[in-house]
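# Structural overview
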Amino acid sequence: MVASFPATVALAVSCGTAIALGVVLLMTVKPDLAESVAMVVVAVTAGLLHGIGYAKRPSRHTTLGRHRKTGGFMKILVLGATGGVGQEIVRQGLEHGHEIKAFVRARGRLEAFDGRITVVEGDLLNGSQLERVIVGQDVVASGFGPRVPVSKSDSHLLQRFASALTSAMLYAGVKRVIAVSVAFLFKDSIIPPAYLAGRLFFPDLVADASEMEHVFANSGLDWTIVRPPRLTGKPRKGAYRAREDHLPRFGFTISRADVADFMLLCAENHVSSRKIVGVSN
Ligand SMILES: NC(=O)c1ccc[n+]([C@@H]2O[C@H](COP(=O)([O-])OP(=O)(O)OC[C@H]3O[C@@H](n4cnc5c(N)ncnc54)[C@H](OP(=O)(O)O)[C@@H]3O)[C@@H](O)[C@H]2O)c1
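Quick look at the structure, then. (Residues numbered from 1 in each chain as written. Predicted model: local features only at pLDDT ≥ 70, side-chain atom pairs only at ≥ 80, totals over all residues.)

## Comments concerning helix H7 (residues 203–217)
Relative to the 21 Å expected for 15 residues at 1.5 Å per residue, H7 spans 21 Å between its end C-alpha atoms, a close match to the ideal helical length. Turning to H7, its buried residues are Leu205, Asp208, Ala209, Met212, Glu213, Val215 and Phe216. Looking straight down H7, one finds its buried side chains confined to an arc of 155°; they lie on one side. Exposed residues on H7 whose side chains face more than 90 degrees from its buried face are Pro203 and His214. (Helix = DSSP H or I, 4+ residues; strand = E, 2+ residues; numbered from the N terminus. Expected span 1.5 Å × (residues − 1). Buried ≥ 20, exposed ≤ 12 C-beta atoms within 10 Å, placed from the backbone. Arc of directions from axis to C-beta.)

This is the structure in structure tokens:
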């Protein structure tokens, strides 16, 4: 739960006043100790004000959910539909009344949706198979990504997938695609240190995701890249933040369900076209 801006300011002012009074009292008794305490107080206050500044600036899409269009029926092709984000796109897409088609290598994990969606099995890296399932769709939504731990054979999976998908979409005449990438690519994020963590712990995934984004960016398609930080399995809250070109400040996690919610929002409202968007709780 995040406190409102006025409440945060009131709390900061009360704490600051109480601490300042304490320091004045201490100065009369132990001047040396008071000096050290005063320095700590200045540092903490600066930190608080910095935090308040962050809280005050709204994220680009913070309120966009309130303006969500409803009832705009679409034919959505979901890729990576058997994964965590993919299944959420399928589930929420059905709730919103869309027609869902899933193109998967094995349908096992989609049994819960039997009879409510179209499932086609095949090779997601094969351009002509992709083209056949894409024809006639309005939007492609992708939660596709390497299964963890990432095997050596999957080291260029995202780039190969993006190349096959973008060519197939151009041939099929379908332009809109919304795809999940990784927040590790945000070089300017300091808290969390996304880029540094990615380079240190997942350098191959970072390189592959970067190549995938490059393919989308140069495809001529109407793309949106969604970069989440660590994904959780929590339920959809709908109260997440989204910022174009940046990870929301202090954005450490987001649920797969909220990522799917945002992807559907992009599809339905046609927002963030040709944009990279950071999303977080
Ligand atoms: N985990 C995190 O904390 C995190 C953070 C930021 C971003 N991300 C990104 O977000 C993506 C989605 O996350 P998630 O948790 O939903 O992933 P996930 O559950 O691992 O789902 C990955 C999906 O991609 C499919 N896939 C993988 N390799 C394939 C291949 N060679 N051919 C066909 N399908 C293939 C999987 O199909 P199968 O069911 O057939 O394997 C599955 O549907 C991740 O892949 C990752 O790139 C993850």
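## Here's the deal with the site of the ligand
Neighbouring residues of the ligand: 25 residues in total, closest Gly80, Thr82, Gly83, Gly84 and Gly145. Looking at side-chain class alone, the shell around the ligand contains 13 nonpolar, seven polar and five charged residues. (Near = placed C-beta within 6 Å. Nonpolar A, V, L, I, M, F, W, Y, C, P; charged D, E, K, R; others polar.)

## Overview of the pairing of strand S5 (residues 176–180)
Counting buried residues in S5 gives five out of five residues, a clear majority hidden from the surface. In terms of strand pairing, strand S4 (residues 139–142) meets S5 through four bridges, oriented parallel. In the strand pairing of S5, Ser142 is matched with Ala179. A crossover connection joins S4 to the parallel S5 through helix H5 (residues 157–172); in handedness this β-α-β unit is right-handed. Pairing between S5 and strand S6 (residues 222–227): five bridges, direction parallel. Residue pairing in the sheet places Ile178 in a bridge with Thr224 of S6. (Pairing = 2+ DSSP bridges. Right-handed = clockwise from strand over helix to strand, strands pointing away.)

Functional significance is not addressed by these values, which are geometric in nature.
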